[in-house]
Amino acid sequence: MIHALEHALEHTLTDVLQAIPILLIVYALLYWIENRLRSTPALLEKSAEFGPVVGALAGLVPQCGFSAAASALFADGYLAPATLVAVFLSTSDEALPVLLSDGVPGTQIIVLFVSKFVLAVAGGYVLKLIWGKHRNQNYEIEVDMDGGCGCGCDSGPVRGILGRTIETVLLLFIITFVLEVAIHVIGTDRLATLMLKDSIFQPIICAIVGLIPSCAISVLLTQLYTSGVLSMGSLIAGLSTGAGFGYMILLGNENGRKKALPIILATFILAVVGGLIAHIFLPF
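Everything quoted here is computed from the prediction, not taken from an experiment.

Reading guide: rules and limits
As a convention, each chain's residues are numbered from 1 in the sequence order in which they are written. Predicted model: local features are reported for residues with pLDDT of at least 70 only, side-chain atom pairs are reported and counted for 80 or more only, and whole-chain, interface and lining totals are derived from all residues. Side-chain metrics rest on all non-hydrogen atoms present in the structure, leaving aside hydrogens and water. Strands here mean DSSP runs of E at least two residues long; helices mean DSSP runs of H or I at least four residues long; both are numbered from the N terminus. Throughout this description, buried means an accessible area under 20% of the type-specific maximum (1.4 Å probe, protein chains only), exposed means over 50%, and partly exposed covers the range between. We call two residues in contact whenever any of their non-hydrogen atoms come within 4.5 Å of each other. Note on areas: Shrake-Rupley, 1.4 Å probe, and residue coverage restricted to the protein chains presented here. Exposure above 30% relative accessible area and no salt bridge define the residues that can form patches, which grow by joining like charges within 9 Å and nonpolar side chains of Val, Leu, Ile, Met, Phe, Trp and Tyr within 5 Å. Salt bridges, as used here, are contacts in which a Lys or Arg side-chain nitrogen is within 4 Å of a carboxyl oxygen on Asp or Glu. By definition, the arc is the one covered by directions from the helix axis to the C-beta atoms. The nonpolar core is taken to be a set of buried Ala, Val, Leu, Ile, Met, Phe, Trp, Tyr and Cys residues, with the residues joined through side-chain atoms within 4.5 Å. Pairing of aromatic rings covers Phe, Tyr and Trp, the last counted by its six-membered ring, and requires centre-to-centre distances within 6.5 Å; plane angles under 30 degrees mean stacked, over 60 mean edge-to-face, and any other angle means tilted. In this analysis, axes come from line fits to C-alpha atoms, helices being fitted only over the stretch in contact, and the angle between any two N-to-C directions falls in the range 0 to 180 degrees. Each angle receives one of four descriptions, namely roughly parallel if under 35 degrees, roughly antiparallel if over 145, roughly perpendicular if within 65 to 115, and oblique otherwise. Note: crossing handedness is left-handed where the near helix turns anticlockwise from the far helix by less than a right angle, and right-handed where it turns clockwise. Pairing of N or O atoms within 3.5 Å defines a polar contact, subject to two protein rules: one partner must be a possible hydrogen donor and the other a possible acceptor, and residues neighboring in sequence count only if both atoms are side-chain atoms. For every residue, the predictor states its confidence as a pLDDT score lying anywhere from 0 to 100.

### Structural notes on the overall build of the protein
So, point 1. Counting its secondary structure elements, the protein contains 15 helices and zero strands.
So, point 2. Counting every position in the protein, which comprises 284 residues, the buried fraction comes to 51%.
So, point 3. Pairs at least 24 apart in sequence give 86% of the contacts found in the protein among residues at least 6 apart.
So, point 4. In the form shown here, the protein has an accessible surface area of approximately 13,100 Å², with 69% of it arising from carbon and sulfur atoms.

### Topic: a nonpolar patch on the surface
So, point 1. There is a patch of nonpolar side chains on the surface, built from Leu196, Ile200, Phe201, Leu265, Ile269, Val273, Ile277, Ile280 and Phe281 and spanning about 890 Å² of accessible area.
So, point 2. As for its placement among the helices and strands, isoleucine 277 is situated in helix H15 (residues 260–281).

### Remarks on helix H10 (residues 202–210)
So, point 1. Restricting attention to buried positions, one finds in H10 the residues Gln202, Pro203, Cys206, Ala207, Val209 and Gly210. Buried residues along H10 cover an arc of 160° about the axis, so they all sit on one side.
So, point 2. For H10, the elements touching its buried residues are helix H11 (216–226), helix H12 (232–241), helix H13 (245–252) and H15.

### Re H12
So, point 1. Within H12, 10 of the 10 residues are buried, leaving the element largely enclosed by the surrounding structure.
So, point 2. What H12 keeps buried is the set Met232, Gly233, Ser234, Leu235, Ile236, Ala237, Gly238, Leu239, Ser240 and Thr241.

### Observations regarding the nonpolar core
So, point 1. Judged by nonpolar contacts, the single largest core of 65 residues is most densely connected at Leu84, Leu112, Met195, Leu221, Leu230 and Leu250.
So, point 2. Those residues in contact with leucine 221, other than ones at most four positions away along the chain, are Met195, Cys206, Val209, Leu230, Leu235, Gly238 and Leu239.

### A few points about the packing of aromatic side chains
So, point 1. Going through the model one piece at a time under the given rule, you end up with two aromatic pairs.
So, point 2. Look at phenylalanine 88 and tyrosine 247: their rings are 5.2 Å apart centre to centre, the planes differ by 70°, and that puts the pair in the edge-to-face class. Pair noted here: phenylalanine 88 is in helix H5 (residues 81–90) and tyrosine 247 is in helix H13, with a separation of 159 residues, a long-range link.
So, point 3. Aromatic side chains phenylalanine 173 and phenylalanine 177 sit 6.3 Å apart centroid to centroid with 5° between the ring planes, which places their arrangement in the stacked category. Taken as a pair, phenylalanine 173 and phenylalanine 177 lie in helix H8 (residues 157–186) at a separation of four residues, close to a single helical turn.
So, point 4. We classify phenylalanine 173 as partly exposed; its relative accessible area is 27%.
So, point 5. A residue is classified by how much of its surface remains accessible, and phenylalanine 177, at 24% relative accessible area, is partly exposed.

### Quick word on the environment of tyrosine 27
So, point 1. Mapped onto the fold, tyrosine 27 is located in helix H1 (residues 2–36).
So, point 2. Relative accessible area serves as the criterion here: at 4%, tyrosine 27 is assigned to the buried category.
So, point 3. For the pair formed by tyrosine 27 and proline 157, sequence separation is 130 residues and the distance between their alpha carbons is 9.7 Å.

### Structural notes on the environment of glycine 244
So, point 1. By the secondary structure assignment, glycine 244 is in the loop between H12 and H13.
So, point 2. In this structure, the C-alpha to C-alpha distance between glycine 244 and serine 214, residues 30 residues apart in sequence, is 4.5 Å.
So, point 3. When near neighbours in sequence (up to four residues on either side) are disregarded, glycine 244 contacts Ser67, Asp93, Pro213, Ser214 and Cys215.

### A look at the packing of H5 against helix H7 (residues 106–131)
So, point 1. Following both chains from N to C, one finds H5 and H7 inclined at 160°, their axes separated by 8 Å at the closest point. As judged from the angle between their axes, H5 and H7 are roughly antiparallel. By crossing handedness, the relation of H5 to H7 is classed as right-handed. Residue-level contacts link Pro81, Ala82, Val85, Ala86, Leu89 and Ser90 of H5 to Lys116, Leu119, Ala120, Gly124, Leu127, Lys128 and Trp131 of H7.

### So, the side chain of serine 67
So, point 1. Relative to the elements of secondary structure, serine 67 occurs in helix H4 (residues 65–75).
So, point 2. Of note is the side chain of serine 67, whose polar atom sits 2.5 Å from the backbone oxygen of alanine 243.
So, point 3. Look past the residues within four positions of serine 67 in its chain and what remains in contact with it is Val87, Phe88, Thr91, Ala243, Gly244, Phe245 and Gly246.

### Examining the environment of valine 126
So, point 1. Its location among the elements puts valine 126 in helix H7.
So, point 2. Sequence spacing of valine 126 and proline 52 is 74 residues, and the spatial spacing of their C-alpha atoms is 9.8 Å.

### Describing the side chain of serine 218
So, point 1. On the secondary structure map, serine 218 appears in helix H11.
So, point 2. If we ignore the near neighbours within four places in the chain, the residues touching serine 218 are Ser92, Asp93, Glu94, Ala95 and Leu239.

### Some points on the confidence of the model for the protein
For residues with low pLDDT, the predicted coordinates do not support detailed interpretation.
So, point 1. With 81% of its residues at a pLDDT of 70 or more, the protein shows a mean pLDDT of 80.
So, point 2. Here helix H2 (residues 40–47) stands out as the element of the protein with the lowest mean pLDDT, 49, in contrast to H12, whose mean of 96 is the highest.
So, point 3. Segment residues 37–44: pLDDT under 50, and 13 contacts once partners within four positions in sequence are set aside and those in other chains are kept.
So, point 4. A low-confidence stretch, residues 139–153 stays under pLDDT 50, and its non-local contacts, those more than four residues away or across chains, total 33 contacts.

The structure is reproduced here in structure tokens:
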């Protein structure tokens, strides 16, 4: 048990420390937007047409912090719902390093990431059509240069940005550590048994597992794929719901929590559909 705790602590520290620089940048950007840019709503509205593409590209970066950053932007009203879902769908966290270290053929790696990118873009635009011209809160307001502001600006930029970052990091650390311990207690072998190998239902199971808000899930799913337990379609489904820290930030923020259910449900449904299609048609 002590070994499991040490291992969980090591993984937790690694994941959270990697996320800190990105969170600092995002909260600094939010501070700047909320206090300097009068034209922000108009710019965001014009760029929203390309949101799913930009979100899908951002999500492809193999880093846990990007989904958290996207959730923070969404919770503060600077990211459209369809764009956030696109980020979640394309996110793969640590899948790429694991695939490369295990010597997986380049063809399979390319198929995986191209499939997730196409799913994220297509899913994002489908959601734009379904949700119509739904706008997040700060698409509809002007930035007040003389009044109050967000991101802790009343206490100064450094204190405000660092305060939000520290609060988020503490949340990530606690939840990630608990989940890491739980994964070690359950065991990889037992999880593999629960994955219904060679079953058409496997992508659905993987999509459910991917909803667990931990970057460790991407490593687990990828290792199960390289060991032959999962199909490519199942890996796509699991990684597409595996938004890691993104769910934590979404549920940990009052504004994000109010809109979390449709975001998570849409991500899950699209991930399952994409995973099932890939499970049926891809040879690996």
